[in-house]
Structures are given as structure tokens and as C-alpha cells.
Amino acid sequence: MSTPKRDPSEVRRRLLNEAARVLSEGGPAALSARRLAKEAETSTMAVYTHFGSMPELVRALTREGFDRFLVRVEAVPRNDDPVAELAELCGVYQAFARAERDVYAVLFGGSTLLGFTLTDEDRAMGVAVLRHPRDAIRRCITAGRFRRGADPDLLVRQLFCQMHGLAQLDHVGYLVGVHGPDRVLAAMIQDFAVAAGDPAAAATRSVAAGLGRGGSPDRGRPDLPG
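Thresholds, definitions, all that
- Residues numbered from 1 in each chain as written.
- Predicted model: local features only at pLDDT ≥ 70, side-chain atom pairs only at ≥ 80, totals over all residues.
- Heavy atoms only, no water.
- 1 Å grid on protein atoms, 1.4 Å probe; cavity = no way out; pocket = protein on both sides within 12 Å on 5 of 7 lines; lining within 4 Å.
- Points joined across faces, edges and corners; volume = space filled by probe spheres on them.
- Helix = DSSP H or I, 4+ residues; strand = E, 2+ residues; numbered from the N terminus.
- Nonpolar A, V, L, I, M, F, W, Y, C, P; charged D, E, K, R; others polar.
- Phe/Tyr/Trp six-rings, centres within 6.5 Å; stacked < 30°, edge-to-face > 60°.
- Buried < 20%, exposed > 50% of the residue type's maximum accessible area, 1.4 Å probe, protein only.
- Salt bridge = Lys/Arg side-chain N within 4 Å of Asp/Glu carboxyl O.
- Contact = heavy atoms within 4.5 Å.
- Axes fitted to C-alpha atoms, helices over the stretch in contact; angles between N-to-C directions.
- Parallel < 35°, antiparallel > 145°, perpendicular 65-115°, else oblique.
- Left-handed = near helix turned anticlockwise from the far one by under 90°.
- Arc of directions from axis to C-beta.
- pLDDT = per-residue confidence, 0-100.
- Expected span 1.5 Å × (residues − 1).
- Polar contact = N/O pair within 3.5 Å; in protein donor to acceptor, adjacent residues only side chain to side chain.

1. Things to note about empty space enclosed by the protein
1) Next: Tallied over the entire structure, the rule returns one cavity of 30 Å³ or more.
2) Next: By volume, the largest cavity amounts to about 130 Å³.
3) Next: In this structure, the largest cavity is lined by Phe69, Val73, Leu89, Cys90, Tyr93, Val129, Leu130, Pro133, Val156, Leu159, Phe160 and Met163.
4) Next: For the lining of the largest cavity, the secondary-structure elements that each account for two or more residues are helix 4 (54-74), helix 5 (82-99) and helix 9 (152-171).
5) Next: Of all the elements, helix 9 adds the most residues to the lining of the largest cavity, at four residues.
6) Next: Residues belonging to the lining of the largest cavity are distributed by class as follows: 12 nonpolar, no polar and no charged.

2. Quick look at the packing of aromatic side chains
1) Next: Under the defined criterion, the tally for this structure stands at 10 aromatic pairs.
2) Next: Both rings, one in Phe69 and one in Tyr93, keep their centres 5.6 Å apart while their planes meet at 70°; by these two values the pair is edge-to-face. In this pair, Phe69 is assigned in helix 4 and Tyr93 in helix 5, connecting sequence segments 24 residues apart. One exposure class covers both Phe69 and Tyr93, and it is buried.
3) Next: Between Phe146 and Phe192 the ring centres are 6.3 Å apart and the planes differ by 75°, which places this aromatic pair in the edge-to-face class. Placement of Phe146 in the loop between helix 8 (131-142) and helix 9 and of Phe192 in helix 10 (residues 181-195) is noted, with a sequence separation of 46 residues between them. For the pair Phe146 and Phe192, a shared accessibility class is recorded, and that class is buried.

3. Some points on the pattern of salt bridges
1) Next: Here the structure, examined in full by the defined rule, presents 18 salt bridges.
2) Next: In this structure, the salt-bridge partner of Asp135 is Arg134, at a minimum N-O distance of 3.2 Å.
3) Next: Counted as one network, the salt bridges with shared partners bring together Arg14, Glu18, Arg21, Arg35, Glu39 and Glu41.

4. Some details on the environment of Ala203
1) Next: Looking at the secondary structure, you find Ala203 in helix 11 (residues 200-215).
2) Next: In this structure Ala203 comes out as buried when scored by relative accessible area, which is 0%.
3) Next: For the pair Ala203 and Ala84, spaced 119 residues apart in sequence, the C-alpha to C-alpha distance is 8.3 Å.
4) Next: Other than its neighbours up to four places away in sequence, Ala203 contacts Arg145, Gln190, Ala193, Val194 and Asp198.

5. Observations concerning the packing of helix 9 against helix 10
1) Next: Running from N to C, helix 9 and helix 10 point in directions that differ by 165°, and their axes come no closer than 11 Å. Of the possible angle classes, the one that applies to helix 9 and helix 10 is roughly antiparallel. Seen from above, helix 9 lies across helix 10 with right-handed handedness. Packed against helix 9, whose contacting residues are Leu155, Gln158, Leu159, Gln162, Met163, Leu166 and Asp170, the element helix 10 presents Pro181, Val184, Leu185, Met188 and Phe192 at the interface.
2) Next: Its residues assigned to classes, the contact of helix 9 with helix 10 shows nine nonpolar, two polar and one charged.

6. A look at helix 3 (residues 44-51)
1) Next: Among the residues of helix 3, those classed as buried are Ala46, Val47 and Phe51. Seen from one end, helix 3 has its buried residues packed into an arc of 105°, which puts them on one side. Turned more than 90 degrees away from the buried face of helix 3, the exposed residues are Met45 and Thr49.
2) Next: A positive backbone phi angle near 85° is found at Gly52, which sits one or two residues after helix 3.

7. Focus: the confidence of the model for the protein
1) Next: For the protein, per-residue confidence averages 86 on the pLDDT scale, and residues scoring 70 or more make up 88% of the total.
2) Next: Throughout residues 215-226 the model reports pLDDT below 50, and contacts reaching past four residues in sequence, or to other chains, amount to 46 contacts.

8. A short note on unusual backbone geometry
1) Next: Of note in the backbone geometry, Glu41 takes a positive phi value of approximately 55° without being a glycine.
2) Next: On the secondary structure map, Glu41 appears in the loop between helix 2 (33-39) and helix 3.

9. Thoughts on helix 4
1) Next: Spanning 21 residues, helix 4 covers 30 Å between terminal C-alpha atoms, matching the ideal 30 Å at 1.5 Å per step.
2) Next: N-cap assignment for helix 4: the residue whose side-chain oxygen lies 3.2 Å from the backbone N of Glu56 is Ser53.

So this is what it looks like as C-alpha cells:
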């Protein structure tokens, strides 16, 4: 009796989901076409049929990762308090970094795998994620919360560097004890806002409100879509 032919879209989705799982459990070095085919219950030929090469599979996973990141970011509603909105976006950033640790490492951490490197197009997708916090920073300036004349493009890059550093240190487990990652996150955003011109008391209230709206980091890792 012949084996029923599997839906190609289902095979592709299974390969991506298994790639995400293998990356999560073993990191980039653990991923190979042979192991992926075994975990997905298909052939190594299927890997090359759907993606052309292992680097292109990682690229597809990267783009799925950026799409997943944008889904989280775009779910943050516009807030009359732009500093609170910015805080919520920062919380979402940390939530994504925790939920998709190894995918995050491919997106932003410089991980390499079988010759895979980010292209300018890939990096442009990452920069697109910054559009949302940059727009919140612009509204902070318009509302008089941040100093007039501040450069939102520069500020969002400074904030991006801080968020990335926090995510990396949290990932390797350095932020332990009473000053854990959530407390550091809140203090970091408050200090950022105050340095940008926001009164300290207002920054504290807004950051607490923004992180309290669901922007605090989570620990789960849902499957990537196909």
C-alpha cells in the first residue's frame, strides 16, 4: 500500500516548526538537514525542495520571526499617554526575546548557521520593527513629555541598544536576585524617559501603567506559523 502524499504546505510548516524547536533546545549548532528531516518525519530532499538550502531555511525562519515580532508590536494599541505606550512596546520586545530566544539570536544576536548571514533586506525588516517605538517617541516630543528638538530616530536607536543588551543579559542568566530583568526593564525605561526630558514622577507613573497593560515579558514559546 502506498503512503499518502502529504500536503506540501503542511510539510513546509512542519519543517519550520521543527527548526524552531531544534533551535530552542540546542541552538544553531544543533540544526542540520538530516536532523530536521528526522524530526519532521520527512526526507532531507524535502528540506532542499522547500527551501533550496539550509541557509535559505534559516532565512525563511528569520522572516517568520520578524513577522511574529511585528504581530506582537502591532497589537499594542495607541495610547493617549505616549510614554506608557513606549513602555508597553519595550515590554513586548523583552517578551519576544524570551519567547523566541534562539530565533531572536538569529534576528539580532549575530548567530551564524551553515553560511547564513543577514542581507540588507533582512536587516530592513528588523529596522521596520523600530518604526512603532519611534512613532511613540515622536508623540512624546509633540506632547511635551520629551524635550523639543530631540531626534526620534536617534533616540529609538539608543533605546534599541538598551533593549537588546537587556535581552542578551537576561538570556544568559546574569540578571538574578532582587534586581531581576523586569525591575531592570522598568528602571531602564524610566531613566531613558527622564534623560529625554520627561519629569521623573510622570515617567514613573507612565512606565508602571505601560508595563501593567500586558507589556511585561512572558516565558512561553508558541510555534511559528508556516
